[in-house]
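Structural characterization, general
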There are 6 protein chains.
Amino acid sequence: MSLHPPLPDRLKAGPPALAAWCGLPDPSIPGVLAREAFDAVVIDMQHGAVDFAAAVRAIPLIAAAGKPAVARIPVGEFATASRLLDAGAAGVIAPMINTLEDARRFAAVMKFPPLGERSWGPHGALSLTGLQPGEYFRAGNGLSLALAMIETREALEIVDGILDVAGIDGIFIGPSDLSIGLSQGRELDPASAAVEKALDHALARARAAGKIAGVYAPSGERAFELARRGFQLVSIASDTALLRSGAQMALKAARG
Amino acid sequence: MSLHPPLPDRLKAGPPALAAWCGLPDPSIPGVLAREAFDAVVIDMQHGAVDFAAAVRAIPLIAAAGKPAVARIPVGEFATASRLLDAGAAGVIAPMINTLEDARRFAAVMKFPPLGERSWGPHGALSLTGLQPGEYFRAGNGLSLALAMIETREALEIVDGILDVAGIDGIFIGPSDLSIGLSQGRELDPASAAVEKALDHALARARAAGKIAGVYAPSGERAFELARRGFQLVSIASDTALLRSGAQMALKAARG
Amino acid sequence: MSLHPPLPDRLKAGPPALAAWCGLPDPSIPGVLAREAFDAVVIDMQHGAVDFAAAVRAIPLIAAAGKPAVARIPVGEFATASRLLDAGAAGVIAPMINTLEDARRFAAVMKFPPLGERSWGPHGALSLTGLQPGEYFRAGNGLSLALAMIETREALEIVDGILDVAGIDGIFIGPSDLSIGLSQGRELDPASAAVEKALDHALARARAAGKIAGVYAPSGERAFELARRGFQLVSIASDTALLRSGAQMALKAARG
Amino acid sequence: MSLHPPLPDRLKAGPPALAAWCGLPDPSIPGVLAREAFDAVVIDMQHGAVDFAAAVRAIPLIAAAGKPAVARIPVGEFATASRLLDAGAAGVIAPMINTLEDARRFAAVMKFPPLGERSWGPHGALSLTGLQPGEYFRAGNGLSLALAMIETREALEIVDGILDVAGIDGIFIGPSDLSIGLSQGRELDPASAAVEKALDHALARARAAGKIAGVYAPSGERAFELARRGFQLVSIASDTALLRSGAQMALKAARG
Amino acid sequence: MSLHPPLPDRLKAGPPALAAWCGLPDPSIPGVLAREAFDAVVIDMQHGAVDFAAAVRAIPLIAAAGKPAVARIPVGEFATASRLLDAGAAGVIAPMINTLEDARRFAAVMKFPPLGERSWGPHGALSLTGLQPGEYFRAGNGLSLALAMIETREALEIVDGILDVAGIDGIFIGPSDLSIGLSQGRELDPASAAVEKALDHALARARAAGKIAGVYAPSGERAFELARRGFQLVSIASDTALLRSGAQMALKAARG
Amino acid sequence: MSLHPPLPDRLKAGPPALAAWCGLPDPSIPGVLAREAFDAVVIDMQHGAVDFAAAVRAIPLIAAAGKPAVARIPVGEFATASRLLDAGAAGVIAPMINTLEDARRFAAVMKFPPLGERSWGPHGALSLTGLQPGEYFRAGNGLSLALAMIETREALEIVDGILDVAGIDGIFIGPSDLSIGLSQGRELDPASAAVEKALDHALARARAAGKIAGVYAPSGERAFELARRGFQLVSIASDTALLRSGAQMALKAARG
Ligand SMILES: [Mg+2]
Ligand SMILES: [Mg+2]
Ligand SMILES: [Mg+2]
Ligand SMILES: [Mg+2]
Ligand SMILES: [Mg+2]
Ligand SMILES: [Mg+2]
């Protein structure tokens, strides 16, 4: 993976980065997608079937294709974030960052002191980056991307505070959960007007804070629209969805 | 998976069956594809990265979607064919059946005596079919599909002989290897005129013998054409190809 | 797995359900036991050797046999509960729910808003149930079974409060830990008089609250007794214990 | 595992050894059964779902319980026999040894020159036995048990010849396949009169040759009978069967 | 593994114990190192690539070599500590114990009531130790080693308090993180004067408290020095470092 | 991995290449060793515990370090050789090539027609090399290294014939088996005078044939000597041996 410029800097400078999104447990899938024209590959440990062992095997395969590996951790499993960075992940997305305390705990595991409390031991990262320990220690906080998910009403209300937490590089918006939260559990509609408004607001606040705004898109079309709107990181669908759409397209042609 | 009518009978009666083709080692992929509108799912142990353990885990996931699981074994690994049937595979494709002896050895591991020499022990198959041992023993030879790959000049020359081997339910044509063989190693062109002619010939001989003709298609469009031509089983592309085409389509939309 | 009626409703309506209890890491074991006459299969991630990857592989094998998969999570690992539901588990048992706060945190990860805070992404569950996203979102809170383990003196004292937490469908009693707790660490005796009394009390309180009472039984005989007493869900022994008793019975016959 | 006396010598001297029979892919199952009162544990790679990786993980767990690990290889996969010995297996059962050539090929992979052609590299075996390379090289042929399966009419007719092959330590009879073979495919009945007669004959010939006779028993009761009849090694049922019988017994008690 | 005397007692009585340190995910590596002249083997789940499934497979291989298996858990994942003891680990090292509350939570999961809150279910431990449930319940708190890592300025300041927590058997010092903490994030230098002074202080306080002091050493030479200084448990380098040093030594000889 | 010049050409042109030798099943080990100063990494599927799934996972990790991955297959498992090339292996070592027929069968699976009979489907190789199908088809026979092991008296006698087989790129000598063979099973002494003489002879014959001579060395010192003698490929010890020597060196320093 390229370290120049570091992933957080690259996302800030744009153009919008498009990321594959992987929830199947087989490391060869992120390996395949990393060789397509994505700018990054996200491994989903929250809603995907990927566990730590699978993530650790996927990271070098993504890196071998020259792409940054980003992982989404399960809700509140912050220790896993450090372990993923140790294994060579370029970034971590933490779901359900709903309080400033959540954001501070997440930042703490993502950054070395004095900024945070990340513990030393980046064995895989040293091997993948080729950096010496001292180099990595000095550069590490700038290399690792910490994205806090904004996906509840509570989070949205304190988005400025979250963006202000030192060590948080940006936010990542989950439209489905946000639609549930904004409707107080009445509907699941990631394209609702309330969500659209929230997306604009969160994006504007991130830009105002000089930080990164990322978002999940269920399709390429939606990704196009969100990237054009200004999101610096847009993930697209999921590996299962891509596989299924590839299959459906082929079957349609085959059935005539 | 449905046992009524058995897979060989179903393929003979038509309409053409379309099969997914899986070479990635993760059982969840055939599981996903089995829930799409394919009629069967092929697990490729010859050129794919699938080993026996992965195949054994994929078979019940395919069966749970009500689809027959078919496996392609590595060249000459006939003992694996029996083991796959034991695990519940509905059929086996054997590559590089180039002599009558190859065909006989393949038939032997696919069918119980007196037709063949398959050894008793279908633990997974009993569990997936719900049949009692005695029932399975009596029905087994009719349930299991044995397809011999025709993919060299030598094989093509004796295709009638191969089709005549008791226990061989049909043939499956590999156009890439056939193009290499027919050109004596001069070219890799699965759509060459020589291959086209060979496809017609082999299909006609299978039909004349009252047996099944299957073929590999690299795309849905090609599958449509081959199914219309009369092949009873047409596999489409590969899981990796479907995943990549899904990704490329999404990226194209996302890049605008 | 049957969704009609949902598992919580089925348990409330009775008759008592008997569950297998699996602690070995191989998914084929719950797969085998799901095809026996158990009403459900529990995968034990607390004291068993089962990790998330193994649980995710076991769930579709249990579902393929038409049975609900229930998982016990490690103490306090609530994020895992959501991930198991995402993968298609029909219920989760949470050990050591010793405070109302524990119960509320557990309920939160088990139920979508407004009842709880479960995050959206039930990929495996959609595939196993065949429901559409909107259907699953509306039905999900009624489908997923949340059982809080009562296994300390502290828990027993607030059992009414725990049963009163919205989103908690019932309790599940662990007699071994309860015997340790009730004796203040003096003895391990899951059949002590103090435990017996506690079982009756907890069962009565659950019934009074109109919620489910489950319990672990080390043997079929004990399960019979506990089911007759009124527990709606009784797990039996463990996979290792069943395997060992099968082996000992066979060896006894073989030694003559 | 005890090396004194070596397993072949121990079986010859008697009393009859009872073996567990494992076909599930999880190494913890042979590990559990090795701690029960079995004299050996067989891992079934022919009809079981066990592949080489699983077998290699099971062997040290069986050895840690002080028991010899024996593996049944798939039909004709003789190279695997050597690899299992390298990994520390105490013996190998080869199915479908139907010709003298089969027997010679099997013996060749089981014994070092000049007796056979086994290649040097017993890494796991050195570690598990604690022997030095020179010691193991000199002792190896006496330590490793080579059992040829007699399970067809053809094999039965040349049983004396098979027993006479240098390096073959004995035979192991498969009653199910034998019943199919003796009835020329008309029936599956491992308890038929023809099988009974064949068992007596094969046992007598093995004893006359001063070699070992082993046999598969589907139950403890049958094992008792076969051991009393004089078989020196009797395997009992399978891990799945033991698990199911343990479950059925518990469920019967629980249903009352 | 030897239980006489229990590991905590053995470490207190000395001589210094030297431990291998494993971060690669393959259980065969701790298995290999356990047969070398180490006194214990540590499996690193914090900075290593080892997950729970891998740890559970490593523990019996270490035990089979007669050595105690010790695991380091990820930061704050205390439930995993109990699960590792259940699987047969002889001890657990918990990183980043920075408050008395951290220490108490760690002790709670390591010890049964009334000392702690460890839940009953030591399936692997019963099998590996051969103890009966009642025996293990009574002996367990004395058998399991709980080491709290001291690796921040905050921890160092309250080291007496941590050592005073009932159920904490001793401390384990992480010099790299300590160097970062003591320099307030200015340097990574595990051999700094500040670290040296802290090592002496922490060692003295552990000795004064009659508890165990352990420490990580990056090399054999450093381990020698730290053991001579009085640390009762000194881990050496890591599996990767040992493999690399073995490789470099061999390559140096080979390059001439 | 570098394709320019292809591995066979590079070995012919010299200087001698030194290879790591891996028998442990974890792909991260060849990954670690590939980043040391070895020129290639051999994965041993004959005497090592590496199966196909593990090899397929190791190959991209070795390639990511820019080194060629070479695999040794089990005796006679020629279909596996093709599958390893498909997965991206740069070469295959086939043990026990004792007849011209063995050599021809090995060459056949290693080379496309008209030279051999390798079947088309190099999915992993295309991905790792970045070549297009047509490019790979034309270049493939020159890229893949086929080394026949000479390790018996019979093989030594026909070494010229083996070297003369089209598609065989060279030989690889196994001194341990050769010592057994040359002494007719009387001794295991890879450094015997008879072996030394055989090494010189085989090396001379390979050079005379313009083909590659490789050899296994148990230590760096021996590798130095054999490389100086003229062998173009010398493997060193094994991963286990390197790990153990690293451990022993560290322990020696630590014990003082
Ligand atoms: Mg979300
Ligand atoms: Mg082909
Ligand atoms: Mg409990
Ligand atoms: Mg048989
Ligand atoms: Mg640390
Ligand atoms: Mg050799």
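Residues numbered from 1 in each chain as written. Chains lettered and ligands numbered in written order. Predicted model: local features only at pLDDT ≥ 70, side-chain atom pairs only at ≥ 80, totals over all residues. Heavy atoms only, no water.

Okay, the interface of chain B and chain D next. Each partner contributes to the interface: chain B provides 18 residues, whereas chain D provides 20 residues. A combined buried area of about 1,400 Å² lies between chain B and chain D, and 62% of that area is made up of carbon and sulfur atoms. Considering only the surface of chain B that becomes buried against chain D, Arg83, Trp120 and Phe137 of chain B emerge as the three largest contributors, covering 37% of it. Between the two partners, chain B and chain D, sit zero salt bridges. On the surface where chain B and chain D come into contact, there are eight residue pairs in polar contact (both at pLDDT 80 or more). Elements represented by at least two residues in the side of chain B that touches chain D include exactly helix 3 (52–64), helix 4 (78–87) and helix 7 (133–143) of chain B. At four residues, the largest contribution of residues to the side of chain B that touches chain D is made by helix 4 of chain B. Broken down by class, the residue content of the side of chain B that touches chain D amounts to nine nonpolar, four polar and five charged. (Contact = heavy atoms within 4.5 Å. Buried area = accessible area lost by both parts, 1.4 Å probe. Salt bridge = Lys/Arg side-chain N within 4 Å of Asp/Glu carboxyl O. Polar contact = N/O pair within 3.5 Å; in protein donor to acceptor, adjacent residues only side chain to side chain. Helix = DSSP H or I, 4+ residues; strand = E, 2+ residues; numbered from the N terminus. Nonpolar A, V, L, I, M, F, W, Y, C, P; charged D, E, K, R; others polar.)

This next bit is on the relation of the copies chain E and chain F. Once chain E is rotated about the relating axis by 180° and shifted along it by 0.0 Å, it coincides with chain F to within an RMSD of 0.0 Å. Such a combination of turn and shift is consistent with a two-fold rotation axis. Looking at the interface residues of chain E, 100% of them are also at the interface in chain F, so both copies use one shared face. (Least-squares fit on C-alpha atoms with pLDDT ≥ 70 in both.)

What follows covers the UniProt feature "domain: HpcH/HpaI aldolase/citrate lyase" (unreviewed entry) in chain A. UniProt tags residues 21–244 of chain A as "domain: HpcH/HpaI aldolase/citrate lyase" (unreviewed entry). The distance from the first to the last C-alpha atom of residues 21–244 of chain A is 14 Å, and the span holds 49% helix and 16% strand. (UniProt positions renumbered as here; feature names shortened; annotations may be inferred.)

Let us now look at the relation of the copies chain B and chain D. Note on the copies: chain B fits chain D at an RMSD of 0.0 Å, the axial shift is 0.0 Å, and the rotation between them is 120°. What the superposition gives is, in effect, a three-fold axis relating one chain to the other.

What follows is about the pattern of salt bridges. Residue and element names in this part refer to chain F. This structure, assessed with the given rule, holds 66 salt bridges over all chains. For aspartate 169, the salt bridge is made with lysine 111, and the minimal N-O distance between the two is 2.9 Å. Placement of aspartate 169 in the loop between helix 9 (159–164) and strand 6 (170–173) and of lysine 111 in the loop between helix 5 (100–110) and helix 6 (123–129) is noted, with a sequence separation of 58 residues between them. Judged by relative accessible area, aspartate 169 falls into the buried class, the value being 12%. Using a relative accessible area of 1% as the deciding quantity, one classes lysine 111 as buried. (Buried < 20%, exposed > 50% of the residue type's maximum accessible area, 1.4 Å probe, protein only.)

This model, assessed by the stated rule, comprises 48 aromatic pairs over all chains. With 6.0 Å between their ring centres and 15° between their planes, tryptophan 21 of chain C and phenylalanine 172 of chain C make a pair best called stacked. One end of the pair, tryptophan 21 of chain C, is in strand 1 (residues 17–22); the other, phenylalanine 172 of chain C, is in strand 6 (residues 170–173), with 151 residues separating them in the sequence. Phenylalanine 172 of chain C shares its class with tryptophan 21 of chain C; the two are buried. Between the aromatic rings of phenylalanine 112 of chain F and tyrosine 136 of chain F, the centroid separation amounts to 6.2 Å while the plane-to-plane angle is 85°, which identifies the pairing as edge-to-face. With phenylalanine 112 of chain F in the loop between helix 5 and helix 6 and tyrosine 136 of chain F in helix 7 (residues 133–143), this residue pair connects regions lying 24 residues apart in the sequence. By way of ring pairs, the aromatic residues Phe112, Trp120, Tyr136 and Phe137 of chain A are connected into one cluster. (Phe/Tyr/Trp six-rings, centres within 6.5 Å; stacked < 30°, edge-to-face > 60°.)

Attention now moves to the coordination of the magnesium ion (ligand 2). Residues and elements named next belong to chain B. Those protein atoms acting as donors to the magnesium ion (ligand 2) are Glu151 (OE) and Asp177 (OD), and they sit at 2.1 Å. Placement of glutamate 151 in the loop between strand 5 (145–150) and helix 8 (153–157) and of aspartate 177 in helix 10 (residues 175–182) is noted, with a sequence separation of 26 residues between them. Here glutamate 151 and aspartate 177 have matching classes, each one buried. (Donors = N, O, S within 2.8 Å, 3.2 Å for Na, K, Ca; no water.)

What follows deals with the packing of helix 11 (residues 193–209) of chain B against helix 12 (residues 220–229) of chain B. Residue and element names in this part refer to chain B. Relative orientation of the contacting elements helix 11 and helix 12 amounts to 40°, with a least axis distance of 11 Å. Here helix 12 runs oblique to helix 11, going by the angle between their axes. In terms of crossing hand, the pair formed by helix 11 and helix 12 is right-handed. Side by side, helix 11 and helix 12 meet where Glu196, Leu199, Asp200 and Leu203 of the first sit next to Arg222, Leu226 and Arg229 of the second. Among the residues making up the contact of helix 11 with helix 12, the classes are represented as three nonpolar, no polar and four charged. (Axes fitted to C-alpha atoms, helices over the stretch in contact; angles between N-to-C directions. Parallel < 35°, antiparallel > 145°, perpendicular 65-115°, else oblique. Left-handed = near helix turned anticlockwise from the far one by under 90°.)

Residues and elements named next belong to chain C. Within strand 5 (residues 145–150), six of the six residues are buried, which leaves it mostly tucked inside the rest of the structure. Residues Leu145, Leu147 and Met149 of strand 5 are buried on one face, and the alternating residues Ala146, Ala148 and Ile150, pointing to the opposite face, are buried as well. Bridge count for strand 4 (residues 91–94) against strand 5 is four bridges, and the pairing is parallel. Bridging from a neighbouring strand, glycine 91 pairs with leucine 145 of strand 5. (Pairing = 2+ DSSP bridges.)

Contact residues are listed per partner, giving 33 residues for chain E and 34 residues for chain F. Taking both sides of the interface into account, the surface hidden between chain E and chain F amounts to around 2,800 Å²; carbon and sulfur atoms contribute 72%. The shortest N-O distance in the salt bridge between aspartate 39 of chain F and arginine 255 of chain E comes to 3.5 Å. In this assembly, chain E and chain F are joined by 10 residue pairs in polar contact (both at pLDDT 80 or more). Broken down by class, the residue content of the side of chain E that touches chain F amounts to 19 nonpolar, seven polar and seven charged.

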